[in-house]
Every structure is written in C-alpha cells, then in structure tokens.
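Letter by letter, the chains look like this.
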Amino acid sequence: MTGPDDPLERRLLALAKERPDLREAVEAYRVTLPVLRDAAPIAAPVALDGKQVREKISRGEPVLGGCTLRFDRRASRELMLRLARGLFGAGVKGMSRIRRALEEDRLVPAELLRHAVKGNYPFVAKRAEAQVLAPALLWTLAQYALKPALRSWCREIAPLVRFAGAWERSDCYVCGAPASLCELQGNEQAGHLRCGQCGADWPTRRLRCIYCGNEDTESLGVLYPEGRRDSVRVEVCDACRGYFKVIATFAPSSPEELAIEDLSTLYLDGYAQGRGYRRPTA
Ligand SMILES: [Zn+2]
Ligand SMILES: [Zn+2]
C-alpha cells in the first residue's frame, strides 16, 4: 500500500514540491503506483527455456520479440479501468471519455495491449479514433497497463540469462525498449543499463558509447549541470551525438524507483538536448 510512510510516495511528494513544473507527471505516477503494484497477473508466462532465451540474445533479438503474448481479457479490463479511474481522479484531461469507453466495453483492453506491447501505435490510435478518444492518451494508458506484465516476463526471463558480453545493445534484451538510464552499482560502480518498462538490468562496459560502440575517449564526454548533485550526470558521445543519463546507486533500483529516477532527472535530458545531443533509440 502507499501512504505518507511509503518511501516512493515520499520521494514523489518531495519531487512535486521541488519541481512544480513536473507536478502533473508526478501526480499521474503517484496514482498509478499502487494500482500497478497490486495488479493481479494479466498475462500468461512466455514459457521459454534457457536455451531459447540465450539463442535469441546471441542473435541480438529482444527475448519477447516474436513471442505470442497472451493477455487475460478480464484482468486486462480490470487493470485498465482502475488506471483510467485513478488518472481521471488525478485530473488527467480526456481520461473521463476513455474511462467511460472501458466501462461500456467499447474498447477491448486485451486486444489493445497485445498491439501496444508490439509498439503498434497505429492500431491503438485507430481504436481510439473510432470512439472519439485521444489516441496518445489511450496509448499512454496502455503503456501503464503493460508494466506489470512486462515486469513479470522480465522476472521470468532474467534468471535464464548469462551475459558475459552477449548483449551490448542500448535497448532492452527483454522487451526491446530503449534503456532509460545507466546505473553505476555497488562499490565497484559497475555499469548496468536499466529498462524503465520491464525493469531489466544488463551489464555495460564503461568508457564506451552505448549506442555506437565508440571507445575513443577523445570523443566521449561527461556533462555535469552546475549546482546539481554529483551522483547523477550525462555521458555524451561526439561520434554519434548520443547521450545517456548515469546515476550512482548502492543497490539496483526497483522498477518503481527507476521511473522516479527518470522523472526526477528530466532536467538532464533538457540539458543534454539543449547542447545538441539526443537519445538515438528513443
Ligand atoms: Zn525492458
Ligand atoms: Zn556514440
């Protein structure tokens, strides 16, 4: 449960106070947090064995790519409806129509999620337009609703993987989403990329661009915005003009903490983008 004693909730409240411009995003995150955390399973396990998982990884293919992902109709409807009600309560514009369409079964959540998980925005947009709903908002809602399923697939798949340099990509080996940030974990400050969608964690070599593989230290740099805490920074590559956010952590962040880290370091994205860097896969 969340409440004033919940450490994530406390961080969100502090963030909303410190960054009034993020208030809406923080509030949306705050109301969805308990719904996502308590969600009943909405999808079946992918049921791959270790050999299948490792073969996909060695081919450079995200594990969920090409899998048949099955969503439970009732549980998907229940979750999307609870999220829509929470976001409507938090004052998200346009959510009341989506909530009503879900209540009246004019949308089929399991079908939306099946397409959303494959990144099929046009399909979701078409369903939204047919019901005169805001397409981007329905897409965002579907992305929220996918999180518990993605996290449980990640929990299923992660123990089957042995890395040893097998995956050097910047997108997630489980779900294919772009890494949301790089953590320097533990006393050794070992580099790990983290996926904000499913929570996956995979090792990355330091002093190497995560996008283009450039290892020439002359063209790799670090940006530190002035007056900010030094446990966060941006690393940039002048070969591909890519950037990524780096945070030092003692223990790996939970998927929920990752989302808050990403949100509370949005100023770093603005800072890097203002200097002409971008996130190539985002
Ligand atoms: Zn992922
Ligand atoms: Zn690069």
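From a predicted model like this one, the values you see are computed outputs, not experimental measurements. (Residues numbered from 1 in each chain as written. Chains lettered and ligands numbered in written order. Predicted model: local features only at pLDDT ≥ 70, side-chain atom pairs only at ≥ 80, totals over all residues.)

## Section: the overall build of the protein chain
So, point 1. Along its length, the protein chain carries ten helices and six strands.
So, point 2. Scaling as 2.2 N^0.38, a compact globule of 282 residues should have a C-alpha radius of gyration of about 19 Å, and the protein chain matches this with 19 Å.
So, point 3. Across the 282 residues that make up the protein chain, the buried fraction comes to 36%.
So, point 4. Contacts in the protein chain between residues far apart in sequence, at least 24 positions, make up 63% of those at least 6 positions apart. (Helix = DSSP H or I, 4+ residues; strand = E, 2+ residues; numbered from the N terminus. Rg over C-alpha atoms; globule rule 2.2 N^0.38 Å. Buried ≥ 20, exposed ≤ 12 C-beta atoms within 10 Å, placed from the backbone. Contact = placed C-beta atoms within 7 Å.)

## Details of the environment of Gly242
So, point 1. Tracing the backbone through its elements, the reader meets Gly242 in the loop between β5 (232-237) and β6 (243-249).
So, point 2. A tally of 22 C-beta atoms within 10 Å means that Gly242 is categorised as buried.
So, point 3. Linking Gly242 and Arg77, residues 165 residues apart in sequence, is a C-alpha distance of 39 Å.

## With respect to the sheet that holds strand β1 (residues 181-185)
So, point 1. Pairing in this open sheet of six strands is mixed, and the strands run β3-β2-β1-β6-β5-β4 from one edge to the other. What marks the edges here is a single partner per strand, and that holds for β3 (201-203) and β4 (220-223). Each neighbouring strand pair of the sheet contributes to a mean axis angle of 35°, computed without reference to strand direction.
So, point 2. Lying over the sheet, helix α10 (residues 266-274) contacts β4, β5 and β6, oriented at roughly 30° with respect to β5. (Pairing = 2+ DSSP bridges. Axes fitted to C-alpha atoms, helices over the stretch in contact; angles between N-to-C directions.)

## Digging into the confidence of the model for the protein chain
So, point 1. Summing up the model confidence of the protein chain, the mean pLDDT is 91 and the portion of residues at 70 or higher is 95%.
So, point 2. Within the protein chain, helix α1 (residues 7-18) has the poorest average pLDDT of any element, 88, and helix α7 (residues 121-130) the best, 98. (pLDDT = per-residue confidence, 0-100.)

## Examining the domain arrangement of the protein chain
So, point 1. Split by domain assignment, the protein chain resolves into domain 1 (39-160) and domain 2 (181-274).
So, point 2. A separation of 27 Å is found between the C-alpha centroids of domain 1 and domain 2.
So, point 3. At the interface, six residues of domain 1 touch five residues of domain 2.
So, point 4. Taken together, the residues that form the side of domain 1 that touches domain 2 break down as four nonpolar, no polar and two charged. (Domains from an automatic or database assignment. Nonpolar A, V, L, I, M, F, W, Y, C, P; charged D, E, K, R; others polar.)

## Quick word on helix α5 (residues 95-103)
So, point 1. Those residues of α5 that fall on the buried side of the exposure criterion are Met95, Ile98, Arg99 and Leu102. Looking straight down α5, one finds its buried side chains confined to an arc of 100°; they lie on one side.
So, point 2. Contacts from the buried residues of α5 go to α4 (73-89), α6 (109-116) and α8 (135-157).
So, point 3. Within two residues after α5, Asp105 carries a phi angle of roughly 55°, on the positive side. (Arc of directions from axis to C-beta.)

## Looking at the packing of helix α2 (residues 23-37) against α4
So, point 1. Two numbers describe how α2 lies on α4: the axes approach to 9 Å, and their chain directions differ by 150°. One finds that α2 runs roughly antiparallel with respect to α4. In the crossing of α2 with α4, the sense of the turn from one axis to the other is right-handed. Of α4, the residues touching α2 (which contributes Ala28, Val31, Thr32 and Val35) are Arg82, Leu83, Gly86, Leu87 and Gly89.
So, point 2. For the contact of α2 with α4, the residue count by class is five nonpolar, three polar and one charged. (Parallel < 35°, antiparallel > 145°, perpendicular 65-115°, else oblique. Left-handed = near helix turned anticlockwise from the far one by under 90°.)

## Brief notes about α2
So, point 1. A rise of 1.5 Å per residue sets the reference length of α2, with its 15 residues, at 21 Å; its end C-alpha atoms lie 21 Å apart and thus fit the reference within 8%.
So, point 2. Maximal helix bending in α2 amounts to about 25°, located at Val31; proline Pro34 follows within four positions.
So, point 3. Those residues of α2 that fall on the buried side of the exposure criterion are Val26, Tyr29, Arg30, Val31, Thr32, Val35 and Leu36. (Expected span 1.5 Å × (residues − 1). Bend = angle between axes of the 7 residues up to and from the residue.)

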